[in-house]
Amino acid sequence: MSASRRSGTTDELGPDESGPGREGSDGSDLLAALLDGMDAALCAFDAHGTVTHWNREAERILGWSAREAVGRAGFAGWAVRSADAEEVEARLLSAMDAPGRQVNEFALLTKDGGRVLVRTQSAAVPGPDGKPAGVYCAFSEVHAQIDLERSIALSEALLDDASWGVVLVDADLRPAVVNTHAARALGTGRTAVLGRPLGELLAQGAEELESALAHVLAEGAPPAPAELWVSVRTPEGERRRCWRSGFVRLASPLAEEPVPLGVGWLFQDVTEARQGEQEASLLRFRAQQLHRAARAAAECEDPAEAATVHLDFALAGFADHALIDRVAECPEGAGTVRLVRIAATPSGAPGPSRLDGRAGLPVRYGESHPAVQCVERAGSVRAGAGALSAEDARVWALGRQWPEDAVYALCTVLRSRGRTLGAVTFLRGAGRHAFERSDAMYAEDVAVRIAAALDLASLVPPEH
């Protein structure tokens, strides 16, 4: 317990004096409770160096009780080695003549004879006349103080200089603290983010992120980082990003039971790495499909059947529908390209492509049809329904002689031996994204194989 009048020890006023302004036993009880409730060890000395106060934390660190410590003249012979006592007392009492607080480190002795390195903060205690009447000294073990300083330094570094995003989210799942990196990733300033719902900061992915944060609040930190795909609003438009995220639950260290204060969310942008992995995986899959198609086509006796084999293998994971149009024989001088559909995937239930076009009737394509433009340019042509409504997109597809659920199209020319044989068209529905340049390159690889098979079919006599 703290040294005070109730412990039977004497201080500046003596054992029974009340003195001016003395609050009596209630004030002593309050002072004792405050001193004993402190997290730091505290002792005090009068102007002559006699110990006047000693709290429970000081007893815990050094082992000396308040009854054993209060009233002793300095630390010599019990809390400090005799050889060091004079220097220690001089440095502590020098605080009476110095402004503010002084910080020192001493090696103190415990009751059982051990040594503890402590860091002290000492300052003068003014008397009624305003002159220094003593010194108070708050101290803690150096390793505990260093741990605290490291924790504070780590927090400040994370929230200022970290090379990954750090966001402290409160119990309402709203950002309370955001570091510079995270604010930059969210496309706004540090103060502009605070207190706003995540749905206002992210165009897509806010629900998944809020679900993860709620789970951490309820269950604790997950065992491994999670990768979340989000869309961030920027002045240039929405950006699709992949954030590798770690979560920790924040609880108050001052409560007897853990009280969640929120969640610490740390993340890194791994978009480029993940996109590179996805592209590499897609390239491997497409290369395997081309290899399998070549092996299967080699077993076909009919070259035209081999062309449909290449078409079916290319369709997997690439498009929803596909069809092959061959250039029809045109009269001399005719300038319009006419195409005959010779193979197509079924537009209803899934199944292998079917050969057709034996009648040789041209498909009703207009001059601006993507397949016609593809043949005329001898290159690839992409087309899409754009922002049309579902019904208008259906009309758009049917008007081009495609299945009604087609929304995106990629037409690639079929060429063999320096001649244009026709075009192959790949179609995607609304559930997929539009064709990109990498898709066109893959379609051109498939078209080379289909064109070779069709060219071979034209060279093989009908009886074979």
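Everything quoted here is computed from the prediction, not taken from an experiment.

**Some details on the sheet that holds strand β2 (residues 51-54)**
Then comes step 1: The 5 strands lie next to each other as β2-β1-β5-β4-β3, forming an open sheet whose pairing is antiparallel. Edge positions in the sheet fall to β2 and β3 (102-109), since each of these pairs with one other strand and no more. Strand-to-strand twist in this sheet, taken as the mean axis angle between neighbours without regard to direction, amounts to 30°.
Then comes step 2: Against the sheet, helix α4 (residues 82-93) contacts β1 (41-46), β3, β4 (115-126) and β5 (132-141), and its axis sits at roughly 150° relative to β3.

**A few points about the pattern of salt bridges**
Then comes step 1: Enumeration over the complete set of coordinates arrives at 20 salt bridges.
Then comes step 2: Two residues, R428 and D439, come together in a salt bridge whose shortest N-O distance is 3.5 Å. Taken together, the residues R428 in strand β17 (residues 419-428) and D439 in helix α14 (residues 437-459) connect sequence positions 11 residues apart. Taken as a pair, R428 and D439 share a single burial class, namely buried.
Then comes step 3: Linking E444 and R437 is a salt bridge whose minimum nitrogen-to-oxygen distance equals 3.8 Å.
Then comes step 4: A single network of salt bridges, built from pairs that share partners, joins E227, R244, R274 and E277.

**Concerning the sheet that holds strand β8 (residues 202-204)**
Then comes step 1: Read across the open sheet, the 6 strands follow the order β7-β6-β11-β10-β9-β8; overall the sheet is antiparallel. The sheet is open, and its two edges are formed by β7 (175-178) and β8, each paired on a single side. With direction set aside, neighbouring strand axes in the sheet form an average angle of 40°.
Then comes step 2: Judged from the 2 bridges that link them, β8 and strand β9 (residues 226-234) form a sheet pairing that is antiparallel. Bridge pairing in β9 links L202 to V232.

**Here we look at the confidence of the model for the chain**
Then comes step 1: Scored by pLDDT, the chain has a mean of 83; 89% of the residues are at 70 or more.
Then comes step 2: Ranking the elements of the chain by mean pLDDT puts helix α1 (residues 25-36) last, at 69, and strand β16 (residues 408-416) first, at 94.
Then comes step 3: Contacts of residues 1-24 to residues separated by more than four positions or lying in other chains number 42 contacts, the stretch itself having pLDDT below 50.

Calculation criteria
The numbering scheme is per chain: residues are counted from 1 as the chain's sequence reads. With the structure being a predicted model, the display of local features is reserved for residues of pLDDT at least 70 and the display and counting of side-chain atom pairs for 80 or more, all residues being used for whole-chain, interface and lining totals. With hydrogens and water excluded, all non-hydrogen atoms of the structure serve as input to the side-chain values. Pairing between strands is defined by DSSP: at least two bridges between them are needed. Segments assigned H or I by DSSP are reported as helices when at least four residues long, segments assigned E as strands when at least two residues long, and all are numbered from the N terminus. Angles here are taken between N-to-C directions and fall from 0 to 180 degrees, while the axes themselves are lines fitted to C-alpha atoms, restricted in helices to the stretch in contact. Residues count as neighbours in contact if any of their non-hydrogen atoms are within 4.5 Å of one another. For this document, the term salt bridge refers to a Lys or Arg side-chain nitrogen within 4 Å of an Asp or Glu carboxyl oxygen. Relative accessibility under 20% of the residue-type maximum defines a buried residue, over 50% an exposed one, and the middle range a partly exposed one, all with a 1.4 Å probe and only protein chains included. Values of pLDDT, ranging from 0 to 100, describe the predictor's confidence in every residue of the model.

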